[in-house]
Protein chains: 2
Amino acid sequence: MSLIASWIDTANSSETAFPLNNLPYGVFSVGGAARCGVAIGDLILDVSGLEEAGILQPGPRPGVFSAPSWNGFMRLGPTVWSGFRAGLTEFLREGCARRAEVEPYLFPMAEARLHMPFRIAEYTDFYASRQHATNVGTMFRGPENALPPNWLHIPIAYNGRASSVVVSGTEIRRPWGQVKAPDKPLPRFRPSGRFDIELEIGAIVGQPSTGPVSVTRADGMIFGYVLLNDWSARDIQAWEYQPLGPFQAKATATSISPWIVTKAALEPFRIPSPERERDLLPYLHEPGPMLYDISLTVSIQPELAALPTVIARTNYREIYYSFPQQLAHHTTAGAPMNIGDLLGSGTISGPAKSERGSLLELGWGGKEPLRLDTGESRSFIEDGDTLTLSGTAEGVGHRIGFGECVGKVIPALEPDQLPY
Amino acid sequence: MSLIASWIDTANSSETAFPLNNLPYGVFSVGGAARCGVAIGDLILDVSGLEEAGILQPGPRPGVFSAPSWNGFMRLGPTVWSGFRAGLTEFLREGCARRAEVEPYLFPMAEARLHMPFRIAEYTDFYASRQHATNVGTMFRGPENALPPNWLHIPIAYNGRASSVVVSGTEIRRPWGQVKAPDKPLPRFRPSGRFDIELEIGAIVGQPSTGPVSVTRADGMIFGYVLLNDWSARDIQAWEYQPLGPFQAKATATSISPWIVTKAALEPFRIPSPERERDLLPYLHEPGPMLYDISLTVSIQPELAALPTVIARTNYREIYYSFPQQLAHHTTAGAPMNIGDLLGSGTISGPAKSERGSLLELGWGGKEPLRLDTGESRSFIEDGDTLTLSGTAEGVGHRIGFGECVGKVIPALEPDQLPY
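What counts and how
Residues numbered from 1 in each chain as written. Chains lettered and ligands numbered in written order. Predicted model: local features only at pLDDT ≥ 70, side-chain atom pairs only at ≥ 80, totals over all residues. Heavy atoms only, no water. Buried < 20%, exposed > 50% of the residue type's maximum accessible area, 1.4 Å probe, protein only. Helix = DSSP H or I, 4+ residues; strand = E, 2+ residues; numbered from the N terminus. Pairing = 2+ DSSP bridges. Axes fitted to C-alpha atoms, helices over the stretch in contact; angles between N-to-C directions. Contact = heavy atoms within 4.5 Å. Expected span 1.5 Å × (residues − 1). Salt bridge = Lys/Arg side-chain N within 4 Å of Asp/Glu carboxyl O. Least-squares fit on C-alpha atoms with pLDDT ≥ 70 in both. Core = buried A, V, L, I, M, F, W, Y, C linked by side-chain atoms within 4.5 Å. Phe/Tyr/Trp six-rings, centres within 6.5 Å; stacked < 30°, edge-to-face > 60°. Lys NZ or Arg CZ within 6 Å of the ring centre and 35° of its normal.

**Student:** Help me understand the pairing of strand β13 (residues 199-205) of chain B, please; the structure alone is not making it clear to me.
**Tutor:** On a regular strand, each side chain points to the face opposite its neighbour's, so the side chains alternate between the two faces of the sheet. Residues and elements named next belong to chain B. The element β13 is largely enclosed, with a buried count of seven among its seven residues. Alternating positions in β13 separate into two faces, Leu-199, Ile-201, Ala-203 and Val-205 on one and Glu-200, Gly-202 and Ile-204 on the other, with burial throughout. The pairing of β13 with strand β14 (residues 222-230) spans seven bridges and is classified as antiparallel. Within β14, the residue paired with Ile-204 across the bridge is Gly-224. Across three bridges, β13 lies against strand β22 (residues 342-344) in antiparallel orientation. When the sheet's bridge partners are listed, Ala-203 is paired in β22 with Leu-343.

Shown next as structure tokens:
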């Protein structure tokens, strides 16, 4: 698919993340109240203003864009989602006769503050990159037991902590926690010394369900996608995760990028899941391609460094179970899914060393520290480091960008700031 | 503490769960809208009606009891909680001069429908009974590895699925899921054949936090307690739980009793936690007794049986980590806690065989089936069985009852009802 030209010049650049083909949804403020906006080039279109002015009629619920979340719009369902997107495309297309009506509702993105784009219901994190599971399994359990026996049959996941999900730009405080050194008999309570990222894509559920759903229906329930960084304290995780899985290791924060890239925008980039080593059970069969070709990078910038160092480049295609498969599996036992549920794809790692989506894997548990462009080395995150994820689907003469998911790690609380 | 006599006769019986000393909070409806009520003897006091009539002034937010949840009241904080409880006690005490004003707002409990008493935020389930962890560990990993090495140091937990929490009385549909027989090479998708209960107490968080909190502060954040049954599909669990913990095995439902028993009502029943085999880290130290002496029973009633069979009797004192310790641990890594968060104590099992809080333990994984009073035997739940938890703190001449937490298991969906 080629670029859809817009009367907004910056949306026609081959470098912008936000051409007219994209139209991702966010929540922004410029001084006043946070409200719904759509990214276009280097601007944000205030759709709440457009609606209040009567220029845009998205559906049966007036005022839906004045809220600081897209949940109300999600509730209106896929037919309204499509109609709204089609309308926006016409308003912003080159030659649109109503340009003068729309222009007053455009704000420079550089002057806006971006907020959480939706009100989160619950958060589930999957473990669906085979290379990531193999790498971590090799480090934690040895190469013979790297991939658990269930992994090729079932999309493994755990429930995360929704209250810890934050928008890109939020500073991330290094956590305290219980850790135990392998050579010590007793655990200690201290700041995590092995604080890490996980490079993931997040999917936002935009329609509810009350019982088991098929893979096809699950695909229809998804509203859009974000970049997701599941911050992970590896030393806390190693000590706590048996037998019920990670808990406080994953409770510090999960950052998401501020713009929801819609399923419609990614439609041209669908690709099939990897070849299956074992046949999947019928409830997991996909009717067609359900992954996307999305290039991803991770960079790290120490506090005093002038520039970031890119430490990983990979692609969402490395995922073994697509979001519709994950969501269908999620509903098998009967739990309702709700608008605003967030699913993490699992850390995305490719086969090459440079394609690994966590520092744990990139530095092989501290045994092979990374060398940064500054000359410094890193096994895990140091205080003051800024970690940035970015993601792009490459079209013809344009790209569908996710923008960035950024987090700076700040020092742990001092002992005298703790309440103990 | 002895009985506080009420002008409501049924509240003075030594058999009632709801004497004036208790005053648990629920949400009820009698035909019309669901609203807040307080149990007293065999009646429900409609506190929304009392407030609308100007008889009761709980605090700065009028209308707080007209909502179908106690979340708004929780937000008002512990000082309001205490004042409201003291006011209610005076209104209902024997000899109260305002009896005639209050009487019109009493409804027979037998005619009311009970709803979820609060709007749930997130749900976390702990694993804090040593005997339960030892029993399950023995069955899953052998007696040498029964208790994980971290267990005596850290309150182990996993995040559960909040959308699956339902009120007592809700029918529970047997789930489908992926299971693998030990002697078969491949998993199958089928209805769970090892569907089970977990007898627990639930704690409801009534005040928020944004960083680490002490055990003392955590105690102050708790609003009250319910009985909790964490329905568990053991065959799904055994196949899925490595390496990230239980997921769909726990996603069918968690039932809670409809009445929130307040911390104030349980105050006279505080008891210390069990003796510590290992010293706990300072952040887990308790300033005083933080468990409660609560007797618990589990009964099962097959579809055609005239009466239930009590299959377990145990006590909340079997828990090793109190709720304040669990909540303090929950906050160590920085995740905010919110009003409406629900914590499960973990399955409560005592040392005797008759004190085990799950069928998995009572029937030792199917090897020692239970004999019911009907002559039937049970290893796990059969379709049509009704499972009932009950809980009581025994005072002098009265008891603080939780009421019951009931769930009837209905058959799994037929294959042609599945969407695959």
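The discussion continues.
**Student:** For this particular structure, what's the right way to read the sheet that holds strand β1 (residues 25-29) of chain A?
**Tutor:** Backbone-to-backbone hydrogen bonds join strands into a sheet, with any given pair of strands oriented parallel or antiparallel. Residue and element names in this part refer to chain A. Read across the sheet, five strands follow the order β4-β3-β2-β1-β5 without closing on themselves; strand pairing throughout is antiparallel. Two strands bound the open sheet, and with one partner strand each, they are β4 (106-108) and β5 (113-115). Strand-to-strand twist of the sheet, defined as the mean angle between neighbouring strand axes without regard to direction, takes the value 50°. Across three bridges, strand β3 (residues 43-46) lies against β4 in antiparallel orientation. Of the residues in β4, the one forming a bridge with Leu-43 is Pro-108. Helix α3 (residues 78-92) contacts β1, β2 (35-40) and β3 of the sheet and is inclined by roughly 65° relative to β1.

**Student:** Please explain the environment of Asn-12 of chain A as it appears in this structure.
**Tutor:** All names here are of chain A. Mapped onto the fold, Asn-12 is located in the segment before β1. We classify Asn-12 as partly exposed; its relative accessible area is 23%. In sequence terms Asn-12 and Ser-129 are 117 residues apart; their C-alpha atoms lie 34 Å from each other.

**Student:** Would you explain the sheet that holds strand β26 (residues 399-410) of chain B in this entry?
**Tutor:** Residue and element names in this part refer to chain B. If you walk across this open sheet you meet the five strands as β9-β26-β25-β20-β21, and the pairing is mixed. Either end of the sheet is taken by a strand with one partner, and the two such strands are β9 (172-173) and β21 (309-315). Pairing between strand β20 (residues 295-301) and β21: six bridges, direction antiparallel. Paired with Leu-296 across the bridge in β21 is Thr-314.

**Student:** Could you clarify how one ought to interpret α3 of chain A in this entry?
**Tutor:** Given 3.6 residues per helical turn, the α-helix brings residues three or four places apart onto the same face. Between its terminal C-alpha atoms α3 of chain A stretches 21 Å, which fits the 21 Å expected from 15 residues at 1.5 Å a residue. Buried within α3 of chain A are the following residues: Val-80, Trp-81, Phe-84, Arg-85, Leu-88, Thr-89, Phe-91 and Leu-92 of chain A.

**Student:** Where do I start with the pattern of salt bridges in this structure?
**Tutor:** Should their charged atoms come close, side chains of opposite charge can pair. According to the stated counting rule, one finds 42 salt bridges over all chains in the structure shown. Glu-122 of chain A is paired through a salt bridge with Arg-161 of chain B; the nearest N and O atoms lie 3.5 Å apart. Residue Glu-122 of chain A is located in the loop between β5 and β6 (123-126), and its partner Arg-161 of chain B is located in the loop between β7 (157-159) and β8 (165-167); the two belong to separate chains. Judged by relative accessible area, Arg-161 of chain B falls into the buried class, the value being 3%. In this structure, the salt-bridge partner of Arg-161 of chain A is Asp-341 of chain B, at a minimum N-O distance of 2.7 Å. In this pair, Arg-161 of chain A is assigned in the loop between β7 (157-159) and β8 (165-167) and Asp-341 of chain B in the loop between α9 (323-330) and β22, connecting two distinct chains. Note on Asp-341 of chain B: relative accessible area 0%, which makes it buried.

**Student:** Just to check I follow, could you spell out the relation of the copies chain A and chain B for this structure?
**Tutor:** Mapping between the two chain copies consists of a rotation about an axis together with a translation along that axis. Of the transformation superimposing chain A on chain B, the axial component is 0.0 Å and the angular component is 180°, with the fit at an RMSD of 0.0 Å. Taken together, the rotation and translation relating the two chain copies correspond to the operation of a two-fold axis. Among all residues of chain A, the one whose C-alpha sits closest to the rotation axis is Gly-245 of chain A, at a distance of 2.1 Å. A share of 100% of the interface residues of chain A reappears at the interface of chain B, consistent with the copies meeting face to face through the same patch.

**Student:** Even after reading the chapter, I still don't get the nonpolar core, so can you show me in this structure?
**Tutor:** Inside soluble globular proteins, nonpolar side chains tend to come together where they are buried. Residues Ile-201, Tyr-225, Trp-231, Leu-266 and Tyr-316 of chain A are the most contacted members of the largest nonpolar core, which totals 82 residues. Among residues more than four places away in sequence, those in contact with Tyr-225 of chain A are Ile-201, Gly-202, Ala-203, Trp-259, Ile-260, Val-261, Lys-263, Leu-266, Tyr-292, Phe-323 and Phe-402 of chain A. With 81 residues, the next largest nonpolar core counts Val-213, Tyr-225, Ala-249 and Leu-327 of chain B among its residues.

**Student:** It is not clear to me how the environment of Leu-360 of chain B should be interpreted in this structure. Could you clarify?
**Tutor:** All names here are of chain B. Residue position: Leu-360 is located in helix α10 (residues 359-362). A C-alpha to C-alpha distance of 21 Å links Leu-360 and Thr-124, two positions 236 residues apart in sequence. Once residues within four sequence positions are removed from consideration, Leu-360 is found in contact with Val-136, Met-139, Phe-140, Arg-194, Asp-196, Arg-234, Gly-365 and Phe-380.

**Student:** Looking at this structure, I do not really get the packing of aromatic side chains. What am I missing?
**Tutor:** For any pair of aromatic rings, the description consists of the separation of the ring centres together with the inter-plane angle of the planes. The full count for this structure, using the stated rule, is 56 aromatic pairs over all chains. An angle of 25° between the planes, with centres 4.2 Å apart, marks the rings of Tyr-283 of chain A and Phe-189 of chain B as stacked. Highlighted residues: Tyr-283 of chain A in the loop between β18 (270-271) and β19 (291-292) and Phe-189 of chain B in strand β11 (residues 188-191), drawn from two different chains. For Tyr-283 of chain A, a relative accessible area of 2% puts it in the buried group. Assessed through its relative accessible area of 16%, Phe-189 of chain B is described here as buried. With a centroid separation of 5.2 Å and 50° between ring planes, the pair formed by Trp-151 of chain B and Tyr-320 of chain B is classed as tilted. One end of the pair, Trp-151 of chain B, is in the loop between α5 (130-141) and β7; the other, Tyr-320 of chain B, is in the loop between β21 and α9, with 169 residues separating them in the sequence. For Trp-151 of chain B, a relative accessible area of 0% corresponds to the buried category. What links up through ring pairs into an aromatic cluster is the set Tyr-25, Phe-65, Trp-70, Phe-73, Trp-81, Phe-84 and Phe-223 of chain A. Note that Arg-276 of chain A overlies the ring of Tyr-320 of chain A, its terminal NZ or CZ placed 4.5 Å from the centroid. Seen from the ring of Tyr-321 of chain B, Arg-276 of chain B lies directly overhead, with NZ or CZ sitting 5.8 Å from the centre.

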